[in-house]
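The lines below spell out each chain.
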Amino acid sequence: MLWCYSKLDKATIESIEELEKKLNVTLLAFSGQDIKNAKLTADELKQIEELENKLDLSLVAVKT
């Protein structure tokens, strides 16, 4: 399962904003995506890790 930011309609955003104000916090909405990880070789994983380090971010290889 991969989690990403949710696509929200106006009414949902307003509900979240109302609760944020009430609680004095920022809420982030995530939705699960049912995907499968790609099967990679050790060399492919190394290439991904090198790019992650260079770009200072995390990458996830998935099967499309």
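Residues numbered from 1 in each chain as written. Predicted model: local features only at pLDDT ≥ 70, side-chain atom pairs only at ≥ 80, totals over all residues. Heavy atoms only, no water.

S.K.: Could you clarify how one ought to interpret a nonpolar patch on the surface in this entry?
M.R.: Residues M1, W3, Y5, L28 and F30 make up a contiguous nonpolar surface patch of about 670 Å² in total accessible area. Counting through the fold element by element, F30 comes out in strand β2 (residues 30-33). (Patch = residues over 30% accessible without salt bridge, like charges linked within 9 Å, V, L, I, M, F, W, Y side chains within 5 Å. Areas by Shrake-Rupley, 256 points an atom, 1.4 Å probe, with all protein chains shown as cover. Salt bridge = Lys/Arg side-chain N within 4 Å of Asp/Glu carboxyl O. Helix = DSSP H or I, 4+ residues; strand = E, 2+ residues; numbered from the N terminus.)

S.K.: Please clarify how unusual backbone geometry should be interpreted in this entry.
M.R.: When glycine is set aside, most residues are seen to have a negative phi, and most peptide bonds are trans. With a phi close to 55°, N24 is a non-glycine residue in the positive phi region. Tracing the backbone shows N24 in the loop between α1 (10-23) and β2. Of note, the phi angle at D56 is positive, near 55°, even though the residue is not glycine. Relative to the helices and strands, D56 resides in the loop between α2 (42-55) and β4 (62-63). Overall, the relative accessible area of 70% leaves D56 in the exposed class. (Buried < 20%, exposed > 50% of the residue type's maximum accessible area, 1.4 Å probe, protein only.)

S.K.: Honestly, the confidence of the model for the protein in this entry has me stumped. Any pointers?
M.R.: When pLDDT is low, close inspection of the predicted coordinates is not appropriate. The share of residues in the protein with pLDDT of 70 or more is 100%, and the mean pLDDT across the chain is 94. Looking at the elements of the protein, mean pLDDT is at its lowest for strand β1 (residues 2-5), recorded as 85, and at its highest for α1, recorded as 98. (pLDDT = per-residue confidence, 0-100.)

S.K.: Help me out: how do you make sense of the environment of F30 in this one?
M.R.: With a relative accessible area of 43%, F30 lands in the partly exposed category. Remark: the alpha-carbon pair of F30 and K7, spanning 23 residues in sequence, is separated by 8.6 Å. If near-sequence neighbours (up to four positions away) are discounted, F30 is found in contact with W3, C4, Y5 and S6. (Contact = heavy atoms within 4.5 Å.)

S.K.: Which parts of the structure should I look at to understand a negative patch on the surface?
M.R.: Residues D43, E44, E49 and E50 make up a contiguous surface patch of negative charge. The exposure class of E50 is partly exposed, given its relative accessible area of 45%. (Lys, Arg positive; Asp, Glu negative; His and termini not counted. Charge placed at Lys NZ, Arg CZ, Asp CG, Glu CD.)

S.K.: Explanation requested: the packing of aromatic side chains in the structure shown.
M.R.: Here the distance between the centres and the angle between the planes together describe a pair of aromatic rings. According to the stated counting rule, one finds one aromatic pair in the structure shown. Where Y5 meets F30, the ring centres are 5.2 Å apart and the plane angle is 20°; that geometry is what we call stacked. Residue Y5 is located in strand β1, and its partner F30 is located in strand β2; the two are separated by 25 residues in the primary sequence. Look at Y5 and you get exposed, because its relative accessible area is 59%. (Phe/Tyr/Trp six-rings, centres within 6.5 Å; stacked < 30°, edge-to-face > 60°.)

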